[in-house]
Amino acid sequence: MENDDMSALLEQLRIQAGCDYISDLHNADYAWKISTALESIQPSDYTLNVWNSAIEYITGKRCSQTLSETAMAHLHTYFTSKNIMRS
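Reference entry: report on the structure contained in this document.

1. Side note on helix α3 (residues 48–59)
Phase 1 of the analysis: Given a rise of 1.5 Å per residue, twelve residues ought to cover 16 Å, and the 16 Å separating the end C-alpha atoms of α3 matches this to within 8%.
Phase 2 of the analysis: At the exit of α3 stands G60, carrying a positive phi of roughly 80°.

Here it is, written out as structure tokens:
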């Protein structure tokens, strides 16, 4: 069953990435850990609205993906590119 609570997704990412606070999801120092944490989450675990809201919270940019799978891939790409830019 899909979860429609954005805070649950953000909290799951926070815990799995070892962040102290949800706001740490904005920190490039955690990019690699967050991208790895995303790999353990199924796109169907959360609604499309949750994925799009999480993208907007994390990136600061409005997102209108049409599938949970592409929304999750968008987040993964975002964190992967942040990690590369940090190196």
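2. What about the packing of helix α1 (residues 6–17) against helix α2 (residues 31–38)?
Phase 1 of the analysis: Running from N to C, α1 and α2 cross one another at 120°; their axes reach a closest spacing of 8 Å. In terms of axis orientation, α1 runs oblique to α2. Handedness of the crossing formed by α1 with α2: right-handed. Between α1 and α2, the contacting residues are L13, Q16 and A17 on the first element and K33, I34, A37 and L38 on the second.
Phase 2 of the analysis: Taken together, the residues that form the contact of α1 with α2 break down as five nonpolar, one polar and one charged.

3. Details of the nonpolar core
Phase 1 of the analysis: Within the largest apolar cluster, 23 residues are counted, with the highest numbers of intra-cluster contacts made by L9, L13 and W51.
Phase 2 of the analysis: When residues of this core are assigned to their parent elements, the largest contribution, five residues, is made by α3.
Phase 3 of the analysis: If we skip the residues at most four places from it in the chain, L9 touches I41, Y46, V50, W51 and A54.

4. Some points on the environment of L13
Phase 1 of the analysis: Position of L13 relative to the elements: it lies in helix α1.
Phase 2 of the analysis: Overall, the relative accessible area of 0% leaves L13 in the buried class.
Phase 3 of the analysis: For the pair L13 and Y46, spaced 33 residues apart in sequence, the C-alpha to C-alpha distance is 13 Å.
Phase 4 of the analysis: In this structure L13 touches L25, I34, A37, L38, I41 and I58, once residues within four positions along its chain are discounted.

Rules and cut-offs
Residues numbered from 1 in each chain as written. Predicted model: local features only at pLDDT ≥ 70, side-chain atom pairs only at ≥ 80, totals over all residues. Heavy atoms only, no water. Helix = DSSP H or I, 4+ residues; strand = E, 2+ residues; numbered from the N terminus. Expected span 1.5 Å × (residues − 1). Axes fitted to C-alpha atoms, helices over the stretch in contact; angles between N-to-C directions. Parallel < 35°, antiparallel > 145°, perpendicular 65-115°, else oblique. Left-handed = near helix turned anticlockwise from the far one by under 90°. Contact = heavy atoms within 4.5 Å. Nonpolar A, V, L, I, M, F, W, Y, C, P; charged D, E, K, R; others polar. Core = buried A, V, L, I, M, F, W, Y, C linked by side-chain atoms within 4.5 Å. Buried < 20%, exposed > 50% of the residue type's maximum accessible area, 1.4 Å probe, protein only.

Spatial relationships are all this shows, so hold off on functional conclusions.
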